[in-house]
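# Fold and geometry: a report
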Amino acid sequence: MKTIYTDTHRLQHGNVELMDGQLLPCFEKPERADLIITQIRASRLGPVLEPDDFGIMPLARVHTSAYLAFLQSAWDAWVEEHGSTHHALPLNWPIRGMRSDIEPEAIDGKLSYFSFDAGTPITPGTWQAVTGSAYVALTAQQCIAAGERAAFALCRPPGHHAAADYYGGYCFLNNAAIAAQAFIDQGAPRVAVLDVDYHHANGTQTIFYARDEVLVLSLHGDPRQEFPYFLGYADETGVGQGEGFNTNYPLPWGTDAATWFAALESACQRIMAYAPDALVISLGVDTYKGDPISQFLLDSADYPRLGQRLARLGLPTLFVMEGGYAVEAIGVNTLSVLSGFVQA
Ligand code: Q9C
Ligand code: ZN
């Protein structure tokens, strides 16, 4: 299996995020991808390739032009307003009864308009890092389109919390959605996106919510307890043409491997019934018991098993990296999923 990777991810290196009432060092940091690529290079998984440049078009198939223009210019606007001493974080959001349909002129207003949390700093290199990450996903998608059974897009920053016109949860461009849309644009009638990251795939769900040609399934911490809190409930099943083509599997804090794999089995049955032409796996390993911001109990031995189960679906499979913050284990656990897949 080929891995697509670029060092450009290091240009996204935020200083702090607001969590538990503190400004803490960002959990989503360059070391994450560095540890994964180190494991892959030391393994026999396969070659590591650089991404191609795809321009703005495939990004604009998923994201709005106003949002892309904002992301591209946000750092410069921030520096003009505040100087470059600190990275840009939003501070307030429109709630019930306030106007959420007007893009303000001031950069602080724009940051709020296009975001949903205070954990996702915009830095001097954010635009270059996030476009590089999307190109990693698109290059891996191209490998599958050219006939390969599987490919690994080592994306960083991650993408699944980003919707058509907002960022948050460490995500700016929805790499998995951009790749899924590329399959559709190249003529695939049906694509399934299965998100096994600990957090709900709110961005991916929202992007494809009204459409039946992309089935979206997400296993995640119950939003009653867990970020992003305001999406990811079991009764969100799609709308209009998309009704029945979104499935959420919210699971409580403390979920163990037995319960998690039972939910995975349900998701696999749904995928088989859908019979997609390609499968995109949003691969987070923050389900690990040692993850510092998550509450599931998967152990390292469970990750090969995940890869094996996905391989049994028998589909062209694109793995897209999402979360995972226990840096000492993230490389091993990620490689375990991919090795389990190729050895199945
Ligand atoms: N108390 C991804 O895994 N903050 N994003 C959570 C926990 C946001 C995670 C705060 C977590 C986002 C791609
Ligand atoms: Zn996550």
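Structural data are supplied above this passage.
Quick caveat: nothing in here was measured; it's all calculated off a predicted structure. Residue numbers run consecutively from 1 along every chain, following the written order of its sequence. Both sets of labels track the order of writing: A upward for chains, 1 upward for ligands. Per-residue local features are limited, in this predicted model, to residues with pLDDT of at least 70; the limit for side-chain atom pairs, both in listing and counting, is 80 or more; totals at the level of whole chains, interfaces and linings are taken over all residues. Excluding hydrogens and water, the side-chain figures rest on all heavy atoms present in the structure.

## What to know about the overall build of the protein
Each helix is a run of DSSP H or I of at least 4 residues and each strand a run of E of at least 2, with the numbering of both proceeding from the N terminus. Along the backbone of the protein there are 10 helices and 10 strands. At 19 Å, the protein has a C-alpha radius of gyration in line with the 20 Å of a compact globule built from 344 residues. Here the C-alpha coordinates of the protein stretch approximately 55 × 45 × 40 Å along the principal axes. Classification of residues uses two cut-offs on accessible area relative to the type maximum, computed with a 1.4 Å probe and protein chains only: under 20% is buried, over 50% is exposed, and between them is partly exposed. Within the protein, the proportion of its 344 residues that are buried is 57%. Two residues qualify as a contact provided that any one of their heavy atoms is within 4.5 Å of a heavy atom in the partner residue. In the protein, the share of contacts with a sequence separation of at least 24, taken over all contacts with a separation of at least 6, comes to 77%. Values of accessible area rely on a 1.4 Å probe in the Shrake-Rupley scheme; residue burial ignores everything except the protein chains shown. Element-wise, carbon and sulfur atoms account for 53% of the exposed surface of the protein, whose accessible area totals about 13700 Å². For the charge count, each Lys or Arg is scored as positive and each Asp or Glu as negative, with His and the chain ends excluded. Lys charges are placed at NZ, Arg charges at CZ, Asp charges at CG and Glu charges at CD. Measuring between centres, the 20 positive side-chain charges of the protein sit 7 Å from its 38 negative side-chain charges. Values of the radius of gyration come from C-alpha atoms, whereas the globule rule sets the reference at 2.2 Å times the count of residues to the power 0.38.

## Observations concerning a negative patch on the surface
Patch membership requires more than 30% relative accessible area and the absence of a salt bridge. Residues of like charge join within 9 Å; the nonpolar side chains Val, Leu, Ile, Met, Phe, Trp and Tyr join within 5 Å. For salt bridges, the criterion is a side-chain nitrogen of Lys or Arg within 4 Å of an Asp or Glu carboxyl oxygen. Side chains of Asp76, Glu80, Glu81 and Asp108 sit close together on the surface and give a patch of like negative charge. Counting residues per element, the negative patch draws most heavily on helix H3 (residues 65-82), which supplies 3 residues. Among the residues examined, Asp108 registers a relative accessible area of 30% and is labelled partly exposed.

## As for the coordination of the zinc ion (ligand 2)
Atoms of type N, O and S within 2.8 Å of a metal are treated as its donors, and for Na, K and Ca the window is 3.2 Å; water is not considered, so some sites may appear to be missing partners. Protein-derived ligands of the zinc ion (ligand 2) are Asp197 (OD), Asp197 (OD), His199 (ND1) and Asp286 (OD), with the metal-ligand distances lying across 2.0 to 2.7 Å. Sequence positions of the residues that donate to the zinc ion (ligand 2) give the spacing D-x1-H-x86-D. Classification of Asp197 by relative accessible area gives buried; the value is 0%. Accessibility expressed as a relative area gives 7% for His199, which makes it buried.

## Some details on the site of ligand 1
Near is defined per residue: the residue qualifies when any heavy atom it owns lies within 4 Å of the molecule or strand. With respect to spatial proximity, 13 residues lie near ligand 1, and among them His161, Gly169, His199, Asp286 and Tyr325 are the closest. Measuring from a nitrogen atom of ligand 1, one finds a side-chain N or O atom of His161 at 3.3 Å. In the environment of ligand 1, an oxygen atom lies 3.1 Å from a nitrogen or oxygen atom belonging to the side chain of Asp286. Within the complex, the protein chains bury 88% of what would otherwise be the 410 Å² of accessible surface of ligand 1. Note on residue categories: nonpolar means Ala, Val, Leu, Ile, Met, Phe, Trp, Tyr, Cys or Pro, charged means Asp, Glu, Lys or Arg, and polar means any other residue, Gly included. Of the residues contributing to the shell around ligand 1, the split by class is 6 nonpolar, 5 polar and 2 charged. Here a polar contact means two N or O atoms within 3.5 Å. Within protein one must be a hydrogen donor candidate and the other an acceptor candidate, and residues neighboring in sequence count only if both atoms are side-chain atoms.

## Considerations on helix H8 (residues 257-274)
Because each turn of an α-helix spans 3.6 residues, side chains separated by three or four positions in sequence point in the same direction. Expected helix span is computed as 1.5 Å times (number of residues minus one). Here H8 is 18 residues long and its end C-alpha atoms lie 25 Å apart, about the 26 Å a rise of 1.5 Å per residue gives. The set of residues buried in H8 consists of Ala257, Trp260, Phe261, Ala263, Leu264, Ala267, Cys268, Ile271 and Tyr274. The buried residues of H8 occupy an angular sector of 155° when projected down its axis, which confines them to one face. For H8, the exposed residues lying more than 90 degrees away from the buried face are Ala258 and Ala273. Elements that come into contact with the buried residues of H8 comprise strand S6 (191-195), strand S7 (214-221), strand S8 (246-251), strand S9 (278-283) and helix H9 (302-311). Looking one or two residues beyond H8, the residue adopting positive phi is Ala275, at roughly 50°. Directions pointing from the helix axis toward each C-beta atom define the arc.

## Quick word on the pairing of strand S2 (residues 16-19)
Here S2 shows one buried face, formed by Glu17 and Met19, and one open face, formed by Val16 and Leu18. Note that S2 and strand S3 (residues 22-25) share 4 bridges and pair antiparallel. Of the residues in S3, the one forming a bridge with Glu17 is Leu24. Once S2 ends, the chain turns through 2 residues before running back antiparallel as S3, passing Asp20 with a positive phi of about 50°. At least two bridges found by DSSP between two strands are what make those strands a pair.

## Quick look at the packing of H9 against helix H10 (residues 327-343)
Between H9 and H10, whose axes approach to 6 Å, the crossing angle comes to 35°. Once H9 is placed against H10, the crossing between them reads as right-handed. Residues Tyr303, Pro304, Leu306, Gly307, Gln308, Leu310 and Ala311 of H9 form the contact with H10, whose own contacting residues are Asn333, Ser336, Val337, Gly340 and Phe341. Of the residues in the contact of H9 with H10, the class split is 7 nonpolar, 5 polar and no charged. Fitting a line to C-alpha atoms yields each axis, with helices limited to the stretch in contact; the angle taken between N-to-C directions then spans 0 to 180 degrees. Helix crossings fall into two classes, left-handed where the near helix is turned counterclockwise from the far one by less than a right angle and right-handed where it is turned clockwise.

## Here we look at the layout of surface pockets
A cavity here means a set of points on a 1 Å grid, drawn over the protein atoms and nothing else, where a 1.4 Å probe fits but cannot get out; a pocket is an open set with protein on both sides within 12 Å along at least five of seven lines, and a residue lines either one if it has an atom within 4 Å of a point. Grid points are joined across faces, edges and corners, and a volume is the space filled by probe spheres set on the points. Reported here for the largest pocket is a volume of approximately 1300 Å³. Taken together, 46 residues make up the lining of the largest pocket; nearest its centre are Phe116, Asp117, Phe227, Pro228 and Phe230. Mapped by element, the contributors of at least two residues to the lining of the largest pocket are S2, helix H4 (107-113) and helix H7 (202-208). For the second largest pocket, the calculated volume is near 160 Å³. Taken together, Asn15, Val16, Leu23, Trp78, His86, His87, Leu89, Leu91, Asp108 and Pro121 form the lining of the second largest pocket. Per-class residue counts for the lining of the second largest pocket are 6 nonpolar, 3 polar and 1 charged.

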